[in-house]
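Coordinate inspection notes
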Amino acid sequence: MTQKKAVLVPEYAVVRLGDGRAGVLAKRTSRKGKYTVAVNDGVSVEIKTNMLLEVLAYPAETARWWLAWRMTPADDRSGEDEACGYPPVFLKHKGITVYHVWHDNHLATNWYTTDPDDADLDHGGEAQFDVRDLPPAPPTGHAPRARADHRARLIAAIDAGLFDDDGRYHP
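I will try to describe carefully the structure that is included in this document. Just so we're clear, the structure is a prediction, and the values are computed from it rather than from any experiment.

Spatial strand order, 7-8-9-10: four strands in an open sheet with antiparallel pairing. Every other strand in the sheet has two partners, leaving strand 7 (89-93) and strand 10 (128-130) as the edge strands with one partner each. Strand after strand, the sheet turns through a mean of 45° between neighbouring axes, direction not considered. Two elements, strand 7 and strand 8 (residues 96-103), share four bridges in a ladder whose sense is antiparallel.

Here we come to the packing of aromatic side chains. Tallied over the entire structure, the rule returns five aromatic pairs. Relative to Y169, the ring of F129 has its centre 6.0 Å away and its plane inclined at 40°; by these criteria the two rings are tilted. Within this pair, whereas F129 is found in strand 10, its partner Y169 is found in the segment after helix 3 (146-159), the two being separated by 40 residues in sequence. On the basis of an interplanar angle of 50° and a centroid distance of 5.5 Å, the ring pair of F163 and Y169 is categorised as tilted. The pair F163 / Y169 is uniform in exposure class, with both members buried. Above the face of the F90 ring, R151 is positioned so that its terminal group lies 4.6 Å from the ring centre.

This brings us to unusual backbone geometry. The phi dihedral of K94 is positive, around 50°, even though this residue is not glycine. Positionally, K94 belongs in the loop between strand 7 and strand 8. On the basis of relative accessibility, which here comes to 60%, the residue K94 falls in the exposed class.

We now examine the pairing of strand 7. Along strand 7, four of the five residues are buried, which leaves the element largely enclosed by surrounding structure. Taken together, strand 7 and the strand that follows it, strand 8, pair antiparallel across an intervening segment of two residues, in which K94 is found at a positive phi of about 50°.

Before going further, it helps to examine the environment of T49. Its place among the elements puts T49 in the loop between strand 5 (43-48) and strand 6 (52-57). T49 sits in the partly exposed class, given a relative accessible area of 25%. Linking T49 and A6, residues 43 residues apart in sequence, is a C-alpha distance of 5.1 Å.

Looking now at the side chain of N110. Within the secondary structure layout, N110 lies in strand 9 (residues 106-113). The class of N110 is buried, set by a relative accessible area of 15%.

What follows deals with the pattern of salt bridges. A side chain of one charge can pair with a side chain of the opposite charge when the charged atoms of the two come close. All told, the structure shown has three salt bridges when counted by the stated rule. Its salt-bridge partner being E54, residue R16 comes within 3.4 Å of it at the nearest N-O pair. With R16 in strand 2 (residues 14-16) and E54 in strand 6, this pair connects stretches of sequence that are 38 residues apart. Look at R16 and you get partly exposed, because its relative accessible area is 31%. Judged by its relative accessible area of 19%, E54 is buried. The residue D159 makes a salt bridge to K94 at a minimum N-O spacing of 3.1 Å. In this pair, D159 sits in helix 3 while K94 sits in the loop between strand 7 and strand 8, placing the two residues 65 residues apart along the sequence. Classification of D159 as partly exposed rests on a relative accessible area of 42%.

Most of strand 8 is tucked away, with seven of its eight residues classed as buried. Two strands pair when backbone bridges link them, and strand 8 and strand 9 are joined in this way by four bridges, in the antiparallel orientation. Its bridge partner lying in strand 9, W102 is registered against L107.

Reading the values: rules and limits
Residues numbered from 1 in each chain as written. Predicted model: local features only at pLDDT ≥ 70, side-chain atom pairs only at ≥ 80, totals over all residues. Heavy atoms only, no water. Pairing = 2+ DSSP bridges. Helix = DSSP H or I, 4+ residues; strand = E, 2+ residues; numbered from the N terminus. Axes fitted to C-alpha atoms, helices over the stretch in contact; angles between N-to-C directions. Phe/Tyr/Trp six-rings, centres within 6.5 Å; stacked < 30°, edge-to-face > 60°. Buried < 20%, exposed > 50% of the residue type's maximum accessible area, 1.4 Å probe, protein only. Lys NZ or Arg CZ within 6 Å of the ring centre and 35° of its normal. Salt bridge = Lys/Arg side-chain N within 4 Å of Asp/Glu carboxyl O.

This is the structure in structure tokens:
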């Protein structure tokens, strides 16, 4: 791949630094006129705006997994695959891990899976389920928000024993 000056690379592009590390470019300039590259969870490297970077993927290609990864609570991000968003973890509770499901290269709005290898809605398997099929969560007194409601429904269903030891949902 060709190298470009950092100032010419779009924000959120996946880039490779000269030392071989890869990360996501953030164009938030500091007072010193430098950008940062997030190379892994919690580690950012400051770079000069004229530094040459190898672009591995442009923002349109990475937006779906990057945003999903950023929406995943930091405690649930625990590996290279999850950092790339294939598929991102939505929730971990009582030993059951619930992942997002992809549909047409986007996160499916109401679908989740307990098997990371069964994360494509178009090729669905036994581990996928629609969160709207779960019993409603107990009222919290707050205005409902989709992701918070999904999280509350999943926790209530896991607590009620609606998922077996293999993580499969059984109504």
